[in-house]
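Listed below are the residues making up each chain.
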Amino acid sequence: IHLFSHTLGTRTLLKNVTRLEPSSLLAISNGNSRIKLHNLHVFNFEDKKYADQSIKKNVKELVPLFFEACRNRVDDKSRNTISLSGGFDSRAIAMSLSENNIPYYAVTSPEPNWKPVIGRLSETEIAEKLAKVLNIELEKYDIMTPNAENLETLLREKNGLIYLGHGFLVRLLEEIKLKHPSSRINLFTGHGGDISFTNLSVNINDIDDCVWA
């Protein structure tokens, strides 16, 4: 699905099924081609636990959790680096690292076809302003045009789970590593609002763990 950045419509393995629910397990037997569908968990997004609290109170409780999450992803043995873009996600992470007095560096590279929500500043110009305010070192890179090898790497490493249009990120990672060949890089990024390149893998004991992994 993510490989082509759109759903495959009715071209699924089950007749009259065009979409799997979250936390579903599709088991296909190699011996007899039998297919079984298991629903491991039902998420109820209608029941919002803190909906009765004010926005100000929710923010007050979420900020320390966000700070903790950023601290947990810091690697003291690496060059902690944030990919600073023109968006709000990366600047929130940068602010968190600064507030926690964590030494870090920043890199920026314009994303192809990026447009600001307001104003006319480019991503690089926004990153420069943020770096100045936060008093951090900033490395500027040009737009990264991926080559065939970058796309192949992304496809192989992510097994098609990442849209190939993001191949420019692989090129950026390569350029950063070339500039710092002797350094271990721990890269933070706000791309998509939920992505960090640090190793967040967990041990899976049984199939139920996959729901929460």
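The structure we're discussing is the one just above.
Residues numbered from 1 in each chain as written. Predicted model: local features only at pLDDT ≥ 70, side-chain atom pairs only at ≥ 80, totals over all residues. Heavy atoms only, no water.

1. Re the overall build of the chain
Thinking step 1. Helix and strand content of the chain: six helices and six strands.
Thinking step 2. In the chain, the order of α-helices and β-strands from amino to carboxyl end is β-β-α-β-α-β-α-β-α-α-β-α.
Thinking step 3. The 213 residues of the chain split such that 25% are buried.
Thinking step 4. Once local pairs closer than 6 in sequence are excluded, the contacts in the chain between residues at least 24 apart make up 57%.
Thinking step 5. For the chain, the accessible area works out to roughly 15700 Å², and carbon and sulfur atoms hold 53% of it. (Helix = DSSP H or I, 4+ residues; strand = E, 2+ residues; numbered from the N terminus. Buried < 20%, exposed > 50% of the residue type's maximum accessible area, 1.4 Å probe, protein only. Contact = heavy atoms within 4.5 Å. Areas by Shrake-Rupley, 256 points an atom, 1.4 Å probe, with all protein chains shown as cover.)

2. Concerning the packing of helix α1 (residues 55-72) against helix α2 (residues 88-99)
Each pair of packed helices can be summarised by the angle the axes make with each other and by the distance between the axes.
Thinking step 1. Between α1 and α2, whose axes approach to 9 Å, the crossing angle comes to 85 degrees. The orientation of α1 relative to α2 falls into the category roughly perpendicular. Along its contact with α1, which presents F66, F67 and C70, the element α2 presents A92, I93, M95, S96, L97 and E99.
Thinking step 2. Looking at the contact of α1 with α2, its residues break down into seven nonpolar, one polar and one charged. (Axes fitted to C-alpha atoms, helices over the stretch in contact; angles between N-to-C directions. Parallel < 35°, antiparallel > 145°, perpendicular 65-115°, else oblique. Nonpolar A, V, L, I, M, F, W, Y, C, P; charged D, E, K, R; others polar.)

3. Let's talk about the side chain of Q53
Thinking step 1. Tracing the backbone through its elements, the reader meets Q53 in the loop between β2 (35-39) and α1.
Thinking step 2. At 2.8 Å, the side chain of Q53 forms a polar contact with the side chain of N58.
Thinking step 3. Discounting residues that sit within four places of it in the chain, Q53 has contacts with N58 and E61. (Polar contact = N/O pair within 3.5 Å; in protein donor to acceptor, adjacent residues only side chain to side chain.)

4. Topic: helix α5 (residues 167-179)
Thinking step 1. Along its 13 residues, α5 runs 19 Å from first to last C-alpha, staying within 8% of the 18 Å computed at 1.5 Å per residue.
Thinking step 2. Within α5, burial applies to G167, F168, L169, V170, L172 and I176. (Expected span 1.5 Å × (residues − 1).)

5. What to know about the packing of aromatic side chains
Thinking step 1. Taken as a whole and judged by the stated rule, the model has zero aromatic pairs.
Thinking step 2. Between the NZ or CZ atom of R79 and the centre of the ring of Y105, over which it lies, the distance is 3.6 Å.
Thinking step 3. Just above the ring of Y141 sits the side chain of K179; from NZ or CZ to the centre is 5.6 Å. (Phe/Tyr/Trp six-rings, centres within 6.5 Å; stacked < 30°, edge-to-face > 60°. Lys NZ or Arg CZ within 6 Å of the ring centre and 35° of its normal.)

6. Notes on the pairing of β2
Thinking step 1. As judged from the five bridges shared by strand β1 (residues 24-28) and β2, these two strands associate in the antiparallel manner. Its bridge partner being in β2, L26 is matched across the sheet by L37.
Thinking step 2. If you look at the hairpin formed by β1 and β2, you'll find six residues sitting between the two strands, and S33 has a positive phi there, around 60 degrees. (Pairing = 2+ DSSP bridges.)

7. A few points about the environment of G86
Thinking step 1. Within the secondary structure layout, G86 lies in the loop between β3 (79-83) and α2.
Thinking step 2. Separated by 30 residues in the primary sequence, G86 and P116 place their C-alpha atoms 7.3 Å from one another.
Thinking step 3. Not counting chain neighbours up to four residues away, the residues in contact with G86 comprise R91, W114, E123 and I126.

8. Considering the pattern of salt bridges
Thinking step 1. Tallied over the full model, the rule gives five salt bridges.
Thinking step 2. Taken together, the salt bridges that share partners define one network made up of R79, E137 and E139. (Salt bridge = Lys/Arg side-chain N within 4 Å of Asp/Glu carboxyl O.)

9. Re the nonpolar core
Thinking step 1. By size, the foremost hydrophobic cluster in this structure holds 15 residues, and its most contacted members are I82, L84, I93, L97 and Y104.
Thinking step 2. Those elements that provide at least two residues to this core are α2 and α3 (123-134).
Thinking step 3. It is α3 that contributes the most residues to this core, four residues altogether.
Thinking step 4. The residues contacting Y104, other than those within four sequence positions of it, are N80, I82, A94, L97, S98, L134 and I136.
Thinking step 5. Y141, M144, F168 and L187 belong to the second-largest nonpolar core, a separate cluster that totals eight residues. (Core = buried A, V, L, I, M, F, W, Y, C linked by side-chain atoms within 4.5 Å.)

10. Quick word on the sheet that holds β3
Thinking step 1. With respect to topology, four strands assemble into an open sheet ordered β5-β4-β3-β6, the strand pairing being parallel. Two strands bound the open sheet, and with one partner strand each, they are β5 (138-140) and β6 (185-189). Strand after strand, the sheet turns through a mean of 25 degrees between neighbouring axes, direction not considered.
Thinking step 2. Relative to strand β4 (residues 105-108), β3 is paired through three bridges, and the arrangement is parallel. Paired with T81 across the bridge in β4 is Y105.
Thinking step 3. Sheet strands in contact with α2 are β3 and β6, and its direction is about 150 degrees off that of β3.

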